[in-house]
Amino acid sequence: MDSHAGTPDRDSREQRQLSTGHVVSLPLELSCTLGGVVVPARRATLEGALPNGLSPLSIAPGVGCVALVGIQYHRVGRDPGLEPYDEFAVIVPAVHGSSTSRPLAQLLDGELGGYVHWLPVTTDASVALGQELWGYPKERARITVTDGPRGLRAVVDDPDESGDAIRLEVSRPRTAVSLRATELSSFTRRDGELIRARMQLRGEVSVGPPIGTRLEVAPGLASELGLRRRPLARLYGSRVRARLGQGEPVSAP
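Residues numbered from 1 in each chain as written. Predicted model: local features only at pLDDT ≥ 70, side-chain atom pairs only at ≥ 80, totals over all residues. Heavy atoms only, no water.

Novice: Hey, could you run me through the side chain of Ser 25 in this one?
Specialist: Mapping Ser 25 onto the fold places it in strand 2 (residues 23-26). Among all residues touching Ser 25, those that are not within four sequence positions of it are Arg 13, Glu 14 and Gln 15. (Helix = DSSP H or I, 4+ residues; strand = E, 2+ residues; numbered from the N terminus. Contact = heavy atoms within 4.5 Å.)

Now the structure itself:
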């Protein structure tokens, strides 16, 4: 856990200018609403999607998993910041540095994180933000993320305009757990290097059985990651706040 979890002074923050002309400060302050599901997937297929140094998290022999999350950002950076945007994250839970593939045993000698496989967004500025600062595989896409009384709904149009690539519905839970500076790691590739970024989360998040969820994934994407159709779990968060730090290269084990 980061011992400096408090909000840093403005003078201690690093400023970076994007190719779009926007200036942002790191760590990046974010607030959002999110909803998603965790889906089982063929571990052998996931291995082919991960860079050297990472292995898919095993949840059963030969089985890994993928998280699909719709995100509606309300604030991106400090004033003036970037305009709010929608995003859809396809993340492979993965372990860095483990010497075994046995279910759960990986966590004893490795570092758990999430490899960002695909990250379509709705604005050019958010593409530049993710690609230039962290190497996230962001691309501009037609995405709709809406949050209402019944829950969150996300639709990602297929790039070849043949229909929806992803359609996700996550019902609003009755209860949620308050997170206090929970830290997660995300992995990506930038200029051929494996990059890790630390994120601290605060807010109300619910994780539970996939009751009240609906997921449709285009056959191409499902085959690419070996996805199975029935979700394992649901997650939903409202008024979630995050601080995303600068990415750092990670050496292969």
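Novice: In this structure, what is going on with helix 3 (residues 124-133)? I would like to understand it.
Specialist: An α-helical turn contains 3.6 residues, so a residue and the one three or four places further along point in the same direction. Most of helix 3 is tucked away: 7 of the 10 residues are buried. The set of residues buried in helix 3 consists of Ala 125, Ser 126, Val 127, Ala 128, Leu 129, Gly 130 and Leu 133. One or two positions beyond helix 3, positive phi appears at Gly 135, with a value near 85°. (Buried < 20%, exposed > 50% of the residue type's maximum accessible area, 1.4 Å probe, protein only.)

Novice: Help me understand the sheet that holds strand 9 (residues 143-148), please; the structure alone is not making it clear to me.
Specialist: Backbone hydrogen bonds hold the strands of a sheet together, and the pairing may be parallel or antiparallel. Spatially, the 4 strands line up as an open sheet ordered 9-10-11-14, and their pairing is antiparallel. Here the strands that pair on one side only, and so sit at the sheet edges, are strand 9 and strand 14 (213-217). With direction set aside, neighbouring strand axes in the sheet form an average angle of 5°. Looking at chain direction, strand 10 (residues 151-157) and strand 11 (residues 164-171) are connected through 7 bridges and run antiparallel. The residue of strand 11 that forms the bridge with Leu 152 is Val 170. (Pairing = 2+ DSSP bridges. Axes fitted to C-alpha atoms, helices over the stretch in contact; angles between N-to-C directions.)

Novice: So what exactly am I meant to see when it comes to the layout of surface pockets here?
Specialist: Space left empty within the atom packing is revealed by a probe, the size of a water molecule, rolled over the atoms. The space that makes up the largest pocket amounts to roughly 1200 Å³. Lining the largest pocket are 44 residues; nearest its centre among them are Val 69, Ile 91, Leu 184, Met 199 and Leu 201. Of all the elements in the fold, those that place two or more residues in the lining of the largest pocket are strand 3 (28-42), strand 5 (63-76), strand 6 (86-96), strand 7 (111-121), strand 12 (177-190), strand 13 (193-208) and strand 15 (233-244). (1 Å grid on protein atoms, 1.4 Å probe; cavity = no way out; pocket = protein on both sides within 12 Å on 5 of 7 lines; lining within 4 Å. Points joined across faces, edges and corners; volume = space filled by probe spheres on them.)

Novice: Got a minute to help me understand unusual backbone geometry in this structure?
Specialist: The phi torsion of most residues other than glycine is negative, and most of the peptide bonds are trans. Residue Pro 27 follows Leu 26 across a cis peptide bond; omega there is 0°. Examined against the element boundaries, Pro 27 turns out to sit in the loop between strand 2 and strand 3. Within the chain, Arg 239 stands out as a residue other than glycine whose phi angle is a positive 55°. Inspection of the secondary structure puts Arg 239 in strand 15. For Arg 239, a relative accessible area of 59% puts it in the exposed group.

Novice: Before we go on, may I ask you to explain the side chain of Thr 100 in this structure?
Specialist: Within the fold, Thr 100 resides in the loop between strand 6 and helix 2 (106-109). Separated by 3.1 Å, the side chain of Thr 100 and the backbone nitrogen of Arg 102 make a polar contact. Once residues within four sequence positions are removed from consideration, Thr 100 is found in contact with Ala 105, Gln 106 and Asp 109. (Polar contact = N/O pair within 3.5 Å; in protein donor to acceptor, adjacent residues only side chain to side chain.)

Novice: What am I meant to see in the pairing of strand 7 here?
Specialist: On a regular strand, each side chain points to the face opposite its neighbour's, so the side chains alternate between the two faces of the sheet. The element strand 7 is extensively covered by neighbouring structure, given that 10 of its 11 residues are classed as buried. Summarising the sheet, strand 6 and strand 7 pair through 8 bridges and their orientation is antiparallel. Residue His 96 lies in a different strand from strand 7, and its bridge partner there is Glu 111. Pairing of strand 7 with strand 12 involves 2 bridges; the strand directions are parallel.

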